Amino acid sequence: MTPASWQGGGIVAFADLDDTLFQTLRKLPGTDPATLTPMTVNTLGAPHSHATPAQSALLELLSAGHVTLIPVTGRDAQAMRRVTLSFRSWQVMDHGLTILTPDGRPDPAWATQVAAHLRPLQAALHAGTAAIAAHAAQTGARLTRHAAHGLPFMTVLKHPDADPLVLADLQDRWEAAHGPDSPLRVIANANNVSLLPRHLGKAAAVRYLLGEHLRGAALTLGLGDSVSDLGFMNECDFAVTPRRGQLMRTLRSLTLPQR
Ligand SMILES: [Mg+2]
């Protein structure tokens with residue numbers, strides 16, 4: 001679909017990818033591999049993440065002609081190329097900091113907004129990264145810096161064995177230093193902990209697309225597995241979340257008031 005062909009009235013599905021539409025075999029213990037569909041390849045080109053039969057059926061539903069499927073992912077362009085599913089419309093990558101047009105080019109207006117937002121955050125991001133680097137190295141965690149539009153926007157800590165105690169410790173240290181008033185926030189999953197802008201992310205990107213390019217959708221769906229997906233799912237009419245995901249696990253642990 002090209003921007004010109006969008007006339008409103010359609011269904012738009014904004015979908016996180018990893019652990020929502022597919023996951024690695026490590027997250028599928030006891031599953032018969034013959035029932036799975038390969039969805040991504042690793043850096044060597046071998047199948048890496050897979051869709052379960054339910055995820056494949058969901059994807060089939062979302063691939064119908066009248067649904068515009070838009071990935072909303074933390075993956076960067078390089079990691080996105082390892083996803084075998086092809087997307088025909090807009091794409092949100094880099095946790096929302098990059099939006100690709102249906103032609104596959106970075107949306108220039110969004111890139112300008114993002115760069116203006118990122119410049120004043122550089123000092124805080126640099127300080128937050130520097131403050132944890134030595135401790136992270138001692139624990140064996142690997143630190144990587146990610147950039148969008150030529151500007152650093154995120155620091156990721158990954159532990160080679162995904163040791164939950166090490167990752168929780170790193171998360172606690174970063175969260176203690178970045179309270180609600182900080183322009184940066186911490187997001188975490190089972191594999192890594194990341195420091196990134198608090199007010200610019202997947203939710204802002206989805207809001208931008210709905211406001212500027214996809215006005216008048218009859219129905220918007222938000223699909224995501226993580227607590228950090230909640231913001232963009234909240235921009236949509238309905239939210240869809242996998243049973244085994246972080247978000248659903250968190251919801252189950254809460255006592256929800258019935259009023
Ligand atoms: Mg996910």
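Structural notes on a positive patch on the surface
1) Next: Where like charges cluster on the molecular surface, the positive patch consists of Arg243, Arg244, Arg249 and Arg252.
2) Next: Within the secondary structure, Arg249 is located in helix 8 (residues 246-253).

Quick notes on the environment of Ala13
1) Next: For Ala13, the position within the fold is in strand 1 (residues 11-15).
2) Next: Considering only alpha carbons, one finds Ala13 and Thr68, 55 residues apart in sequence, at a separation of 6.1 Å.
3) Next: For Ala13, the contacting residues outside a window of four places in its chain are Leu62, Val67, Thr68, Leu69, Ile70, Leu221 and Leu223.

Some words on the coordination of the magnesium ion
1) Next: At this site the magnesium ion is bound by Asp16 (OD), Asp18 (O) and Asp225 (OD), with donor distances of 2.1 to 2.2 Å.
2) Next: Read N to C, the donor residues that coordinate the magnesium ion are spaced as D-x1-D-x206-D. In this pair, Asp16 sits in the loop between strand 1 and strand 2 (23-24) while Asp225 sits in the loop between strand 12 (219-223) and helix 7 (230-233), placing the two residues 209 residues apart along the sequence. Asp225 shares its class with Asp16; the two are buried.

Notes on the domain arrangement of the protein chain
Often, the extent of an interface is quoted as the loss of accessible area on bringing the components together.
1) Next: Here the domain parsing of the protein chain yields domain 1 (3-97 + 201-253) and domain 2 (116-197).
2) Next: On the side of domain 2, 13 residues touch domain 1, which itself brings eight residues to the contact.
3) Next: Taking both partners together, domain 1 and domain 2 bury about 820 Å²; carbon and sulfur atoms supply 56% of that area.
4) Next: The interface formed by domain 1 and domain 2 holds three residue pairs in polar contact (both at pLDDT 80 or more) in total.
5) Next: Within the side of domain 1 that touches domain 2, the residues separate by chemical class into one nonpolar, three polar and four charged.

Some points on the pairing of strand 8 (residues 142-148)
1) Next: As paired strands, strand 8 and strand 9 (residues 151-158) are joined by seven bridges and run antiparallel to one another. Bridging from a neighbouring strand, Thr144 pairs with Val156 of strand 9.
2) Next: Following strand 8, the chain reverses through two residues before pairing antiparallel with strand 9; His149 in that reversal takes a positive phi of roughly 55 degrees.

So, the side chain of Asp229
1) Next: For Asp229, the position within the fold is in the loop between strand 12 and helix 7.
2) Next: Classification of Asp229 as buried rests on a relative accessible area of 1%.
3) Next: Separated by 3.1 Å, the side chain of Asp229 and the backbone nitrogen of Asp225 make a polar contact.
4) Next: Excluding residues within four positions of it along the chain, Asp229 makes contact with Asp16, Lys202 and Gly224.

Notes on a nonpolar patch on the surface
1) Next: A contiguous nonpolar surface patch, about 280 Å² in accessible area, is contributed by Leu251, Leu254 and Leu256.
2) Next: By secondary structure assignment, the location of Leu251 is in helix 8.
3) Next: Since its relative accessible area comes to 38%, Leu251 is described here as partly exposed.

Reading the values: rules and limits
- Residues numbered from 1 in each chain as written.
- Predicted model: local features only at pLDDT ≥ 70, side-chain atom pairs only at ≥ 80, totals over all residues.
- Heavy atoms only, no water.
- Patch = residues over 30% accessible without salt bridge, like charges linked within 9 Å, V, L, I, M, F, W, Y side chains within 5 Å.
- Areas by Shrake-Rupley, 256 points an atom, 1.4 Å probe, with all protein chains shown as cover.
- Salt bridge = Lys/Arg side-chain N within 4 Å of Asp/Glu carboxyl O.
- Lys, Arg positive; Asp, Glu negative; His and termini not counted.
- Charge placed at Lys NZ, Arg CZ, Asp CG, Glu CD.
- Helix = DSSP H or I, 4+ residues; strand = E, 2+ residues; numbered from the N terminus.
- Contact = heavy atoms within 4.5 Å.
- Donors = N, O, S within 2.8 Å, 3.2 Å for Na, K, Ca; no water.
- Buried < 20%, exposed > 50% of the residue type's maximum accessible area, 1.4 Å probe, protein only.
- Domains from an automatic or database assignment.
- Buried area = accessible area lost by both parts, 1.4 Å probe.
- Polar contact = N/O pair within 3.5 Å; in protein donor to acceptor, adjacent residues only side chain to side chain.
- Nonpolar A, V, L, I, M, F, W, Y, C, P; charged D, E, K, R; others polar.
- Pairing = 2+ DSSP bridges.

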